[in-house]
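Residues per chain are reported as follows:
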Amino acid sequence: MKRGFMLTAITTILFLLLIEVTLQYARSSSSYSERVSEMLVSEKIGYTFDDIMDDITNITGLSITQQEANLVFKDSFPGSGITDRLGHYEEFVRQRYLTPDMEVVFLDPTDQPISLSSLSSTITIEPFNMTYKYSDFAKTDLFIQIPYTQTTAIDFVWYNFSVSTGNFSEDVDDIKWTPAPNSCTPGTQGCIRFYLKVNDSGGNEYISPYTTFDVTKQGHLNLNFVSESCWIDLWVGPYSGEQYLLNLRIQDCQVRSEIGFTFNTTNFWLNFPTKLKVRDVNYNTSKKDAISLIITKLLK
Amino acid sequence: MRRGVVFTLDALVAVVIAATALVVVVQLLSLRTGEWYKEVALYNAGEDFLISRDKDGTLKEIFDKTDAEAVSTLNNLMQFQIPPSMVARINITICSYSGTFSCTRSITAGESGTTETKSVVRRVFTDTEKNRYGVAVMEVWYR
């Protein structure tokens with residue numbers, strides 16, 4: 001009887017242990033399975049986020065490349081119906097691309113929902129508080145600014161742009177800055193090393209003879225083209241009470257622009273005020289990040 | 001003594017039941033986790049295909065291709081890029097915008113799978129300057 005009792009007790013304990021092991025396994029396996037499914041959901045969210053960002057970059061016509069301390073903006077002017085195209089793109093994404101379990105929201109800097117056609121046209125380069133912006137996506141202008149105290153963060157700036165809608169209306173030797181940029185000593189506050197090259201559609205090339213300018217003094221270059229209505233105004237330094245590294249106004253010209261900055265550090269980053277949030281409704285998992293366009297980062 | 005035997009047998013039956021439950025739970029859960037893993041692998045294959053075809057401009061080129069040309073291009077590319085252990089089918093819907101979206105073309109390439117587990121990957125691509133928009137939906141199965 002005692003042996004029977006012992007056997008029963010041992011088997012009962014064994015039974016309870018097995019039940020406990022089963023429950024534990026079920027719990028851990030279930031959470032493991034949950035993690036794998038969450039991994040798939042995260043993958044889908046990240047992929048959708050990049051897919052949309054890729055298209056927005058293409059629509060804006062701007063591409064940014066970073067290689068160590070060098071930052072290059074490739075852009076085209078003017079923008080043709082970019083705001084409308086962004087709006088149509090958003091409509092298409094909502095109507096045809098997103099599945100019912102996927103939700104996409106565009107947010108302003110205060111996290112309020114906005115439409116994609118309200119995408120901000122200002123890019124900030126931190127920690128210099130430098131801005132690259134247009135009045136709007138019609139892109140008939142370009143403003144690049146940096147606070148005076150941060151100017152020493154830039155080693156030099158090069159700017160190449162080519163106009164495809166006409167030849168210079170005068171010989172390149174006759175193109176003059178009025179007023180001419182004030183030369184200065186590189187490395188001192190407010191002094192920018194600046195290389196400017198402009199090409200027209202006939203293969204003529206204008207290279208600015210001024211390789212430095214003082215941001216506190218205005219320099220102005222007016223470029224006219226054979227095409228009757230195409231002209232470009234370029235200012236460096238102060239204009240209408242503000243200081244610019246570059247203030248560009250474009251009238252009826254097709255321009256491809258490439259501007260490069262070499263900073264004295266590799267420790268900088270770009271901020272874009274509009275954010276994109278992609279959420280899986282079923283799992284309530286989301287990714288929210290700035291619409292950072294696509295920044296191509298090159299290795300050495 | 002007999003009562004002891006009955007108790008012991010009773011307890012042994014309980015252990016057998018518990019062990020069976022353990023085996024069943026292990027089987028079911030590992031089956032479920034395995035399916036998720038398969039789906040992740042299928043999703044990655046579809047994702048890689050669509051990302052690379054979007055980046056190299058293949059998807060955008062379809063706007064200007066005939067349906068037959070598009071099917072041939074996609075079949076060739078899938079043959080090289082989709083792993084041999086997988087099979088994929090892609091459907092592309094092409095729309096244009098003039099006040100509203102009108103989707104008049106639907107192109108299907110590749111072949112369907114027969115296994116139960118599959119992943120579906122979608123990609124949007126555009127040529128907004130010409131008001132053309134497309135969505136590629138790719139389904140990937142194991143052979």
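Residues numbered from 1 in each chain as written. Chains lettered and ligands numbered in written order. Predicted model: local features only at pLDDT ≥ 70, side-chain atom pairs only at ≥ 80, totals over all residues.

Looking only at helices and strands, chain B has three helices and four strands in total. The C-alpha atoms of chain B give 25 Å as radius of gyration, which overshoots the globular expectation for 143 residues (15 Å, by more than 25%). In terms of its C-alpha atoms, chain B occupies a principal-axis envelope of roughly 90 × 35 × 20 Å. Taking all 143 residues of chain B together, 27% fall into the buried category. Nonlocal contacts in chain B, meaning residues at least 24 apart in sequence, comprise 69% of its contacts between residues at least 6 apart. (Helix = DSSP H or I, 4+ residues; strand = E, 2+ residues; numbered from the N terminus. Rg over C-alpha atoms; globule rule 2.2 N^0.38 Å. Buried ≥ 20, exposed ≤ 12 C-beta atoms within 10 Å, placed from the backbone. Contact = placed C-beta atoms within 7 Å.)

Taken together, the four strands give an open sheet; going across it, the order is 4-3-17-18 (chain A), and neighbouring strands pair in antiparallel fashion. One side of each edge strand has no neighbouring strand; the edge strands of this open sheet are strand 4 (113–114) and strand 18 (285–290) of chain A. (Pairing = 2+ DSSP bridges.)

Here we come to helix 3 (residues 67–81) of chain B. Residue and element names in this part refer to chain B. Here helix 3 contains 15 residues, and its C-alpha end-to-end distance of 21 Å stays within 8% of the 21 Å for a straight helix at 1.5 Å per residue. Residues of helix 3 that are buried: Ala70, Leu74 and Met78. For helix 3, the buried positions fall inside an angular range of 60 degrees around the axis, keeping them on one side. Exposed and facing more than 90 degrees away from the buried side of helix 3 are Ala68, Asn76, Gln79 and Phe80. (Expected span 1.5 Å × (residues − 1). Arc of directions from axis to C-beta.)

With that settled, the discussion passes to the pairing of strand 14 (residues 242–251) of chain A. On a regular strand, each side chain points to the face opposite its neighbour's, so the side chains alternate between the two faces of the sheet. Residue and element names in this part refer to chain A. One ladder, built from four bridges, connects strand 7 (residues 141–145) with strand 14; its direction is antiparallel. Note that in strand 14 the partner of Leu142 across the bridge is Leu248. Alignment of strand 13 (residues 231–239) against strand 14, held across eight bridges, turns out to be antiparallel. Residue pairing across strands places Asp233 opposite Arg249, the latter belonging to strand 14.

A separate point is the sheet that holds strand 4 (residues 132–142) of chain B. Strand pairing within a sheet occurs via backbone hydrogen bonds; the two strands may be parallel or antiparallel. Residue and element names in this part refer to chain B. Taken together, the four strands give an open sheet; going across it, the order is 2-1-4-3, and neighbouring strands pair in antiparallel fashion. Looking at the sheet topology across the chains shown, the edges are occupied by strand 2 (100–110) and strand 3 (118–127). Averaged over all pairs of adjacent strands, the angle between strand axes in this sheet comes to 15 degrees, irrespective of strand direction. Looking at chain direction, strand 1 (residues 86–98) and strand 2 are connected through ten bridges and run antiparallel. Across the sheet, residue Asn91 finds its bridge partner in strand 2, namely Thr108. Its contacts with the sheet place helix 3 against strand 1 and strand 2, and it is angled at close to 50 degrees to strand 2. (Axes fitted to C-alpha atoms, helices over the stretch in contact; angles between N-to-C directions.)

At the junction of the two partners, chain A supplies 38 residues and chain B supplies 37 residues. Counting only elements with at least two residues in the side of chain A that touches chain B, the list comes to helix 1 (2–60) and helix 2 (82–97) of chain A. With 28 residues, helix 1 of chain A is the single largest residue contributor to the side of chain A that touches chain B. When grouped by side-chain class, the residues that make up the side of chain A that touches chain B number 20 nonpolar, twelve polar and six charged. (Nonpolar A, V, L, I, M, F, W, Y, C, P; charged D, E, K, R; others polar.)

Further remarks concern the pairing of strand 15 (residues 255–263) of chain A. All names here are of chain A. Across eight bridges, strand 2 (residues 70–77) lies against strand 15 in antiparallel orientation. Directly across from Asp75, in strand 15, lies its bridge partner Ser257. Sheet topology places strand 8 (residues 154–163) next to strand 15; nine bridges connect them, and they run antiparallel. In the strand pairing of strand 15, Tyr159 is matched with Ile259.

Below, the discussion takes up the environment of Asp289 of chain A. All names here are of chain A. With respect to the helices and strands, the residue Asp289 is situated in strand 18. In the structure, Asp289 is positioned 37 residues away from Asp252 in sequence and 36 Å away in space, judged by C-alpha atoms. Not counting the four nearest positions on each side in its chain, Asp289 is found in contact with Lys275 and Leu276.

Residues and elements named next belong to chain A. The omega torsion of the bond from Glu126 to Pro127 falls at 10 degrees, within 30 degrees of zero and hence cis. Mapping Pro127 onto the fold places it in the loop between strand 5 (122–126) and strand 6 (130–133). In this model, Thr178 is joined to Pro179 through a cis peptide bond whose omega is -5 degrees. Tracing the backbone through its elements, the reader meets Pro179 in the loop between strand 8 and strand 9 (191–199). In the Ramachandran plot, Asn129 falls in the positive-phi region, its phi being about 60 degrees despite a non-glycine side chain. Relative to the elements of secondary structure, Asn129 occurs in the loop between strand 5 and strand 6. Residue Asn129 is classed as partly exposed on the basis of its 14 C-beta neighbours within 10 Å. With a phi close to 50 degrees, Asn284 is a non-glycine residue in the positive phi region. When you line up the elements, Asn284 lands in the loop between strand 17 (275–280) and strand 18. Assessed through the 8 C-beta atoms surrounding it within 10 Å, Asn284 is described here as exposed.

Interpretation note: all reported values are geometric properties and have no functional meaning in isolation.
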